[in-house]
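Listed here are the chains, written in short residue letters.
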Amino acid sequence: MPIYDYRGMALNITELDSEYKGYFDGAMKHKLVVKKCSEMTCGMLRGEPGAACPWCGSLNWEWQEVSGKGTIYSYQVITHAIMPAFRDWVPYTVVLVELDEQSGEPNPGNGLRITANLLNDDMEPEDPENVGIGKRVEVVFLDTDEGFSVPHFRLSDEEPAGEVWRYPV
Amino acid sequence: MEGRLKDKYAIVGVGETEYSRASGRSTRALGVEAIRNAIYDAGLTPQDVDGMLSYHGGDSTPSTTMMHDLGMRLNFYMDCSGGGSSTEALVGLAIGAIEAGMCDTVAIFRAMNGYSQVRIGGTGARAAAPIGGSDLLKRTYGVASAVQNFAFTFTRHMMEYGVTGEDLAHIKVTHSKHASNNPKALMKQRVTVDDVVNSRWIVKPCAHLLDCCLETDNATCIIVTSAERAKDLRRPPAYIMAVQGRGVKPGGDFHYQYAPITRVAGHYIGPRLFELAGVTHDDIDVTGCYDAFTYTTLLQFEDYGFCEKGEGKEYVKSGITDLGGRRPNNTSGGHLCEGYTHGMNMVIENVRQIRGLVDDYCPNWENGEHSYDYAEGGCRQVPNVNITMNMGWAMPGVGSALIMRK
Ligand SMILES: [Zn+2]
């Protein structure tokens, strides 16, 4: 029953964890994966790796690699860490990223939205002044010495499709 | 269509302990005191109450212990897992239990050492506990506390509707004015917009320290019974016109996968509530709008329809929600200033407003004599309160609501 150490936190990812284990198994191969409905007539991806397809109800699914490219949909900059593991990262930025795949489907406003930290090229927290809703990001993987890995995002070189917004604080 | 049970049940007793940050005693001792206070407030004895409901996050004491200390025997009890928005939901469940013939009178309590024992968000020993399940995609990224869990909704709302920190600060300013007239309030000092926006950041860009509620040690209790039983009790009943409990928006815990993430549960349960009560927003004299953070209050005003979506920032600055305004909000000071109770204190306050027996600094408030002078250290009774509304919040996706009348 693997318990992984990540930044001093104990992540309990068990064989029975049919929702989240595959996400981190994928990360250890440096793949960002989401669940895909296996129903031929549906085939929808889902950002939250639940046990059934919210669109057709099927219990059949498989992990599917996605591009790891997306756009910041919302963000927060945490200046007061209540978890000891994050005290040396303060201030750190958490982003809600809308992946390029399946954006606006099946209904306007739907999307595959993934939570992660926004890191820089040194795999440290990105300067919070550089975050902004609408900015383009790409997945990166933060590896531990023990071979565990956690997906994060960093700002990409791509131009944003529309306006970028950041509250000026 | 109006509800079948409209006005058939009432809140007849309310009670609480001191709000403090050093209770120096157990949740059992706190809960027993609050239940006892509410039962005596109703003019009942513990033996007259045969139902009990509580809510907790693993931080309370069970009903089956509380009843022992008060010499009660229960025909019905449930200890439910839940925090904010449980109060209103349990009022509905109490009515259901009585309707089903399981009991006749229900005490609903919340007991918590919310500062000196179990704080919100998993600090202390809980911060070292192994992380599993859906927390793997949150705590692994340093998202643990309530405001961190809500912040994506708040930030996105700031972008879409142009809300500023100064706009939000007005909510704290208003509630602090109300708390300055509440001898029970943990934080009685009035604050300014500058005080709020100059307090230290907790989460940028949506929460300074003074945008956050006060973690508090306390217990609170309300007593629900039938209108028939309520008639000859000690206090004027607060009749329950309609209630909605823990309504959920699409996606539930994962609502941010669906649009719009700035929409909260009130959007879905508000219309049901008003229809069951047979009233409109114009009929509401006083609101109790959950203020875990200034932002929870603003979002709920919008989605329950007290203003248009995006107009919440104007609504909270207009004076409408101040004592002396058209529809005062959180007249006790709420979670931001009176103390954090997971919602019960805002229902208690509205019951007292309906009775005309708000416990302010007016010397003869117990006789219903109020000055209606809302200067600091004065009155907080709203004149001629007929109908009140509570809006409880658990998270953006989950809420409850309650309309009561004189
Ligand atoms: Zn499907």
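Refer to the preceding data block for the structure.
Right, let's walk through the structure included here. In every chain, residue numbers begin from 1 and rise along the written sequence. In the order they appear in the text, chains get letters beginning with A and ligands get numbers beginning with 1. For a predicted model such as this one, the threshold for reporting local features is a pLDDT of at least 70, and the threshold for listing and counting side-chain atom pairs is 80 or more; totals across whole chains, interfaces and linings nevertheless cover every residue. Just so you know, side-chain values use all the structure's heavy atoms and leave hydrogens and water out.

## Remarks on the coordination of the zinc ion
Residues and elements named next belong to chain A. Keep this limit in mind: Counted as coordinating are nitrogen, oxygen and sulfur atoms within 2.8 Å of the metal, or 3.2 Å for Na, K and Ca, while water is not included, which may make sites look incomplete. Any site counts as irregular unless it has four donors with all angles between 85 and 135 degrees, making it tetrahedral, or four or six donors with opposite ones more than 155 degrees apart and the rest between 65 and 115, making it square planar or octahedral. Think of it in three bands: residues with accessible area under 20% of the maximum for their type are buried, residues over 50% are exposed, and the middle band is partly exposed, with areas taken using a 1.4 Å probe on protein chains only.
Within the protein, the atoms that donate to the zinc ion are Cys37 (SG), Cys42 (SG), Cys53 (SG) and Cys56 (SG), at distances of 2.3 to 2.4 Å. Taken together, the four donor atoms coordinating the zinc ion and their angles of 101 to 115° define a geometry best described as tetrahedral. Cys37 sits in the buried class, given a relative accessible area of 1%.

## Section: the environment of B:Ile171
All names here are of chain B. For the record, the criterion: Secondary structure elements are taken from DSSP: a helix is a run of H or I of four residues or more, a strand is a run of E of two residues or more, and numbering for both begins at the N terminus. By definition in these notes, contact holds between two residues if any of their heavy atoms fall within 4.5 Å.
Within the secondary structure layout, Ile171 lies in helix H5 (residues 165-179). You can call Ile171 buried: its relative accessible area is 2%. Expressed as a C-alpha distance, the spacing of Ile171 and Lys8, which sit 163 residues apart in the sequence, is 34 Å. Contacts of Ile171, omitting those with residues within four sequence positions, involve Thr294, Thr297, Leu298, Val316 and Leu336.

## Some thoughts on the interface of chain B and chain A
How large an interface is tends to be reported as the accessible area lost when its parts come together. To keep things clear, this is the line we draw: Here the quantity called buried area is the total loss of accessible area, with a 1.4 Å probe, experienced by two parts when brought into contact, counted for both. In protein, a polar contact requires one atom able to donate a hydrogen and another able to accept it; more generally it is a pair of N or O atoms within 3.5 Å, and residues adjacent in sequence count only if both atoms are side-chain atoms. For this classification, Asp, Glu, Lys and Arg are treated as charged, while Ala, Val, Leu, Ile, Met, Phe, Trp, Tyr, Cys and Pro are nonpolar and the rest, including Gly, are polar. In this analysis, strands are considered paired if DSSP registers two or more bridges between them.
Contacts between the two partners involve 42 residues from chain B, matched on the other side by 47 residues from chain A. Summing both partners gives a buried area of about 3,900 Å² for chain B against chain A, and 65% of it is carried by carbon and sulfur. Ranking the residues of chain B by area buried against chain A places B:Tyr141, B:Phe152 and B:Gln257 at the top, with a combined share of 21%. Put simply, chain B and chain A have 17 residue pairs in polar contact (both at pLDDT 80 or more) between them. Of all the secondary structure elements, the ones that give two or more residues to the side of chain B that touches chain A are helix H4 (146-161), H5 and strand S5 (201-204) of chain B. For the side of chain B that touches chain A, the per-class residue count stands at 24 nonpolar, 13 polar and five charged. Direction of pairing for strand S6 (residues 69-78) of chain A relative to S5(B): antiparallel, over a ladder of two bridges. In the strand pairing of S5(B), A:Val77 is matched with B:Lys204.

## Let's talk about the packing of H4(B) against helix H9 (residues 294-303) of chain B
Residues and elements named next belong to chain B. What counts, and what does not: Axis definition: a line fitted to C-alpha atoms, over the contacting stretch in the case of helices. Angles run 0 to 180 degrees between N-to-C directions. Whether a crossing is left-handed or right-handed is set by the direction in which the near helix is turned from the far one by less than a right angle, anticlockwise for left-handed and clockwise for right-handed.
Put simply, H4 and H9 touch, their axes get as near as 11 Å, and they point 65° apart. For the pair H4 and H9, the crossing hand works out as left-handed. Within the contact between the two elements, H4 uses Phe150, Thr153, Phe154, His157 and Met158 and H9 uses Tyr295, Thr296, Leu298, Leu299 and Glu302. When grouped by side-chain class, the residues that make up the contact of H4 with H9 number six nonpolar, three polar and one charged.

## Side note on helix H8 (residues 266-277) of chain B
Residue and element names in this part refer to chain B. Test applied: In a helix, the anticipated span is given by 1.5 Å times the number of residues less one. For this quantity, the arc is that covered by the directions from the helix axis to the C-beta atoms.
Here H8 contains twelve residues, and its C-alpha end-to-end distance of 15 Å stays within 8% of the 16 Å for a straight helix at 1.5 Å per residue. Every buried residue of H8 is accounted for by Gly266, Ile269, Gly270, Leu273, Phe274 and Ala277. Taken down its axis, H8 places every buried residue within 135° of arc, on the same side. Those residues of H8 that are exposed and angled more than 90 degrees off the buried face are Pro271 and Arg272.

## Topic: the sheet that holds strand S5 (residues 61-65) of chain A
Residue and element names in this part refer to chain A. Read from one edge of the open sheet, three strands run S4-S3-S5, paired in antiparallel fashion. Because the sheet does not close on itself, it has two edges, and the strands there are strand S4 (45-46) and S5. Two strands pair when backbone bridges link them, and strand S3 (residues 33-37) and S5 are joined in this way by five bridges, in the antiparallel orientation. Following the sheet pairing, Val33 is matched in S5 by Glu65.

## Details of the pattern of salt bridges
All names here are of chain B. For clarity, the threshold we go by: We count a salt bridge whenever a side-chain nitrogen from Lys or Arg sits within 4 Å of a carboxyl oxygen from Asp or Glu.
Summed over all chains, the structure comprises 32 salt bridges over all chains. Close ionic contact of Arg156 with Glu160 constitutes a salt bridge, the shortest N to O distance being 2.8 Å. With Arg156 and Glu160 both in helix H4 and four residues apart, the pair spans about one turn of that helix. Salt-bridge contacts for Arg229 lead to Asp232; the nearest nitrogen and oxygen are separated by 3.9 Å. Taking relative accessible area as the criterion, Arg229 reaches 32% and is therefore assigned partly exposed. Asp232 gets classed as exposed once you look at its relative accessible area, which sits at 60%. Salt bridges sharing common partners tie together Glu16, Lys184, Glu338, Glu349, Arg352, Asp359 and Arg380.

## A word on the packing of aromatic side chains
What counts is decided by this rule: In this analysis, rings of Phe, Tyr and Trp, with Trp reduced to its six-membered ring, are considered paired at centre separations within 6.5 Å, and the interplanar angle assigns stacked below 30 degrees, edge-to-face beyond 60, and tilted for intermediate values. Geometrically, a charge over a ring is one whose NZ (Lys) or CZ (Arg) sits within 6 Å of the ring centre while staying within 35 degrees of the ring normal.
A full pass over the atoms with the stated rule returns 19 aromatic pairs over all chains. On the basis of an interplanar angle of 55° and a centroid distance of 5.7 Å, the ring pair of A:Trp55 and B:Tyr258 is categorised as tilted. On the criterion of chain membership, the pair formed by A:Trp55 in the loop between S4 and S5 and B:Tyr258 in the loop between strand S8 (238-248) and H8 is interchain, its members lying in two chains. What makes B:Tyr258 buried here is its relative accessible area of 18%. Ring pairs connect the aromatic residues B:Phe150, B:Phe154, B:Phe293, B:Tyr295 and B:Trp393, which therefore count as one cluster. Across the ring face of A:Tyr73, the terminal group of A:Arg113 is positioned such that the distance to the ring centre comes to 3.9 Å. Stacked on the ring of A:Tyr73, the Lys or Arg B:Arg156 has its end atom at 3.9 Å from the ring centre.

## Regarding unusual backbone geometry
Residues and elements named next belong to chain B. Residues Lys204 and Pro205 are joined by a peptide bond in cis, for which omega reads 0°. Within the secondary structure, Pro205 sits in the loop between S5 and strand S6 (207-208). Residue Pro260 follows Ala259 across a cis peptide bond; omega there is -15°. You can see Pro260 is positioned in the loop between S8 and H8. The phi angle at Asp7 is positive, at roughly 65°, despite the residue not being glycine. In this fold, Asp7 is placed in the segment before strand S1 (9-16).

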